[in-house]
Amino acid sequence: MAAPSVGVLALQGDFREHLAVLRGLGADARPVRRPEELAGVDGLVIPGGESTVMDKLSRAFGMAEPIKAAIADGMPVYGTCAGLIMLADTVRDRIEGQESFGGLDVVVRRNAFGTQLDSFETDLDIPELGDAPLHAVFIRAPIVEELGAKAHSLAELEDGRVVAVEQGNLLGTSFHPEVTGDTRFHEYFLTKLR
Ligand SMILES: NC(=O)CC[C@H](N)C(=O)O
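Reading guide: rules and limits
Residues numbered from 1 in each chain as written. Predicted model: local features only at pLDDT ≥ 70, side-chain atom pairs only at ≥ 80, totals over all residues. Buried ≥ 20, exposed ≤ 12 C-beta atoms within 10 Å, placed from the backbone. Helix = DSSP H or I, 4+ residues; strand = E, 2+ residues; numbered from the N terminus. Pairing = 2+ DSSP bridges. Near = placed C-beta within 6 Å. Nonpolar A, V, L, I, M, F, W, Y, C, P; charged D, E, K, R; others polar. UniProt positions renumbered as here; feature names shortened; annotations may be inferred. Contact = placed C-beta atoms within 7 Å.

Side note on the pairing of strand E4 (residues 77–80)
The two faces of E4 match: Val 77 and Gly 79 on one face and Tyr 78 and Thr 80 on the other face are all buried. Pairing of strand E3 (residues 43–46) with E4, which is carried by three bridges, proceeds in the parallel orientation. Each residue of the ladder has a partner; that of Val 45, found in E4, is Tyr 78. Taken together, the four bridges between E4 and strand E12 (residues 170–173) define a ladder with parallel strand orientation. Paired with Thr 80 across the strands is Thr 173, a residue of E12.

Description of the site of the ligand
The ligand sits among Gly 48, Gly 49, Glu 50, Ser 51, Cys 81, Ala 82, Ile 85, Arg 110, Asn 111, Ile 139 and Arg 140. Classifying every residue of the shell around the ligand by side-chain character gives four nonpolar, four polar and three charged.

So, unusual backbone geometry
The backbone phi angle of Cys 81 is positive, close to 55°, even though this residue is not glycine. Position of Cys 81 among the secondary structure elements: in the loop between E4 and helix H5 (82–87). Notably, Asn 111 is not glycine yet its phi reads approximately 45°, a positive angle. With respect to the helices and strands, Asn 111 occurs in the loop between strand E6 (104–109) and strand E7 (119–124). Given 15 C-beta atoms within a 10 Å radius, Asn 111 is considered partly exposed.

Quick word on the UniProt feature "active site" (unreviewed entry) in the protein chain
Following the UniProt record, the feature "active site" (unreviewed entry) maps to Cys 81, His 176 and Glu 178 here. What stands out for the annotated residues spanning 98 residues is how close their C-alpha atoms remain, the widest pair being 10.9 Å apart. On the secondary structure map, His 176 appears in the loop between E12 and helix H6 (184–191). For His 176, a count of 24 C-beta atoms within 10 Å corresponds to the buried category. Aside from chain neighbours lying at most four places away, what touches His 176 is Gly 48, Thr 80, Cys 81, Val 137 and Ile 139. Along the chain, Glu 178 falls in the loop between E12 and H6. If we ignore the near neighbours within four places in the chain, the residues touching Glu 178 are Asp 14, Glu 17, His 18, Val 21 and Thr 80.

Okay, here's the thing in structure tokens:
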């Protein structure tokens with residue numbers, strides 16, 4: 001069977017790291033910048049970066065509507081950090097006019113850890129990924145403040161705040177599995193493509 005083709009939205013952010021992880025797992029991973037490229041992939045990763053910029057560029061490049069349509073059509077999509085913000089139905093602490101693609105029935109807050117604690121690392125228990133804890137890197141990260149009925153939590157911090165969610169074919173993490181060398185989240189996402 002041919003390897004599944006996975007697009008990584010490559011308008012802005014750390015898309016190269018995602019492409020490298022996915023290729024390391026044997027996936028046919030391709031940067032996606034244009035609607036024709038989106039049409040040729042079986043799933044999409046939305047990287048970390050800056051959601052305000054990703055929003056503006058995706059609208060300017062005519063990608064916002066095709067991505068919304070792909071999500072509505074059931075395409076597997078995984079968003080990390082800014083990518084999670086782009087997938088959220090509701091975004092708090094947006095800048096004026098900022099839009100998301102939506103699809104994930106959650107409310108997220110941008111930059112939820114404030115300026116005092118911009119970045120941190122911690123280990124998370126994620127039963128879906130096995131017994132070993134997952135080392136998670138948070139960089140100016142959002143938090144999932146509310147989970148709608150359609151979405152469920154995959155991981156929480158010790159204080160109970162939700163940092164990973166799943167809803168059918170959609171996955172979102174506040175943190176950046178593409179920078180740690182632990183590929184289990186990407187493997188988990190790829191199982192949705194077969
Ligand atoms: N590491 C990240 O992706 C940061 C997200 C960024 N703070 C935003 O609002 O988009």
